Amino acid sequence: MSTDGLIVVDKPGGMTSHDVVARIRRLAKTRRVGHGGTLDPMATGVLVIGVGRATRLLTYVIGAGKSYAGTIRLGQTTVTDDAEGDVTATVPAGQVTDDAIRSVLAGLSGEVDQVPSAVSAIKIDGQRAYKRVRDGESVELPARRVTISRLEVLAIRRTEPDVVDVDVDVTCSSGTYIRAIARDAGLALGVGGHLTALRRTAVGGFTLAEAATLDELEQRAPDVVNLPLDAAADRFFARRVATPDEARVLAHGGPLDPAGLTGPYAVFGPAGGLIAIVSERDGRARAEIVLAPA
């Protein structure tokens, strides 16, 4: 069985995030595997996988900021807002100027209220939105406040008649849909738009530079974890070292005196092992999750 920890995977296109989890379960020889933020089948790039006790860190990974490289095609609308769906409308986009494209995309950055794609994994009354759409229902999701801190136009390409391809680089908060950016840019320009390519380049501090392909993981199985639990917590959180007495209290779920650290932080025992992820509230440092082995 593999060590508890995280794996940074470079997900290939054509696979769901669940497909990757299933593959890692086989390679790591354990059922206790999860992922830290869904990537659509079309998308590639950084997918953080948790193994063993590290699956409990994934809630923090899911909430981390993310970066993407993508391509928006103007002039075509699809049912899914990306290239996986059927084209539902075409409007010639050749007359849209570069300045207009840049201006519209600039207006979609910052703190914005974004309506997620109807074909998304968001649940409505317990059922995924994409399932309702595939069953023929009309789905309208409420807007959500997201932060798009970087939306840079890398290139504007006019290699095909009546469509314009725009390569973008995006850094955004958790919950942002890049295909919704493509849809909204197309709507604002009056020609429609969808996403034709998407590669996630970073999740929090985890980047493509340390990502392994599934083929690489296959070759070193079952030793697939590249960031053991303690190292993963050190990468993601501020560190506090507990005294022996504090370690005993915290390992049993008891509170500690505050240390004045902001946000969730990792508490390690005197010998260096991770005990818990802690946050301070009401004058006490309380465990959000206890990770010390039973």
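Everything quoted here is computed from the prediction, not taken from an experiment. Sequence order as written defines residue numbering, which begins from 1 separately in each chain. Per-residue local features of the predicted model are confined to residues with pLDDT of at least 70, and side-chain atom pairs are confined, for both listing and counting, to 80 or more; whole-chain, interface and lining totals are unaffected and use all residues. With hydrogens and water set aside, each side-chain value is computed from the structure's full complement of heavy atoms.

**Things to note about the UniProt feature "active site" (unreviewed entry) in the chain**
And step 1. UniProt positions are given in the numbering used here, feature names are shortened, and annotations may be inferred rather than shown by experiment. UniProt's entry tags D40 with the feature "active site" (unreviewed entry), counted in the numbering of this structure.
And step 2. Secondary structure elements follow DSSP: runs of H or I no shorter than four residues count as helices, runs of E no shorter than two count as strands, and numbering proceeds from the N terminus. Within the secondary structure layout, D40 lies in the loop between β2 (33–35) and β3 (44–51).
And step 3. Each residue is assigned to one of three classes by its accessible area relative to the maximum for its type, calculated with a 1.4 Å probe on protein chains only: buried under 20%, partly exposed between the two thresholds, exposed over 50%. The class of D40 is partly exposed, set by a relative accessible area of 26%.
And step 4. Two residues qualify as a contact provided that any one of their heavy atoms is within 4.5 Å of a heavy atom in the partner residue. Setting aside residues no more than four positions away along its own chain, D40 makes contact with K11, M15, D82 and R179.

**Re the side chain of H194**
And step 1. Checked against the element boundaries, H194 lands in strand β12 (residues 193–203).
And step 2. Accessibility expressed as a relative area gives 4% for H194, which makes it buried.
And step 3. With sequence-adjacent residues up to four places away left out, H194 is seen in contact with T71, I72, R73, Q76, T78, D81, D82, A83 and A182.

**Side note on the domain arrangement of the chain**
And step 1. Parsing the chain into structural domains produces domain 1 (5–64 + 204–228), domain 2 (66–201) and domain 3 (237–290).
And step 2. These domain limits were set by an automatic method or by a database of domain assignments. For domain 1 versus domain 2, the separation of C-alpha centres amounts to 26 Å.
And step 3. Contacts between domain 1 and domain 2 engage 19 residues on the former and 14 residues on the latter.
And step 4. Note: buried area is the sum, over both parts, of the accessible area (probe 1.4 Å) each one loses when the two are combined. Regarding the contact of domain 1 and domain 2, the summed buried area is about 1200 Å², with carbon and sulfur atoms giving 43% of it.

**Concerning the pairing of strand β1 (residues 5–11)**
And step 1. Of all seven residues making up β1, seven are buried, and the element is well covered by its neighbours.
And step 2. One ladder, built from seven bridges, connects β1 with β3; its direction is antiparallel. Residue pairing in the sheet places V8 in a bridge with V48 of β3. Whether two strands pair depends on DSSP finding at least two bridges between them.

**Brief notes about the pattern of salt bridges**
And step 1. Definition used for salt bridges: Asp or Glu carboxyl oxygen within 4 Å of a side-chain nitrogen of Lys or Arg. What the rule picks out here adds up to 20 salt bridges.
And step 2. For the salt bridge of E218 with R23, the shortest nitrogen-to-oxygen distance reads 3.6 Å. Taken together, the positions of E218 in helix α6 (residues 214–220) and R23 in helix α1 (residues 17–28) put the pair 195 residues apart, joining distant regions of the chain.
And step 3. Among the salt bridges present, the one from D245 reaches R248, with a minimum N-O distance of 2.1 Å. Within this pair, D245 and its partner R248 are both found in helix α8 (residues 244–251), separated by three residues, close to a single helical turn.

**Focus: α8**
And step 1. E246, A247 and L250 are the residues of α8 that are buried. In a view along the axis of α8, the buried residues occupy a sector of 100°, so they form one face of it.
And step 2. Elements in contact with the buried residues of α8: β15 (238–241), β16 (265–268), β17 (274–281) and β18 (284–290).
And step 3. Downstream of α8 by a residue or two, G253 has a phi angle that is positive, lying close to 90°. The arc under discussion is defined with respect to the helix axis, by the directions toward the C-beta atoms.

**Side note on unusual backbone geometry**
And step 1. A cis amide bond links A221 to the next residue, P222, at an omega of 0°.
And step 2. Relative to the assigned elements, P222 resides in the loop between α6 and β14 (227–228).
And step 3. For D162, which is not glycine, the phi torsion reads 70° and is therefore positive.
And step 4. You can see D162 is positioned in the loop between β10 (144–157) and β11 (164–172).
And step 5. A positive phi angle, near 55°, is found at D282, a position not held by glycine.
And step 6. As for its placement among the helices and strands, D282 is situated in the loop between β17 and β18.

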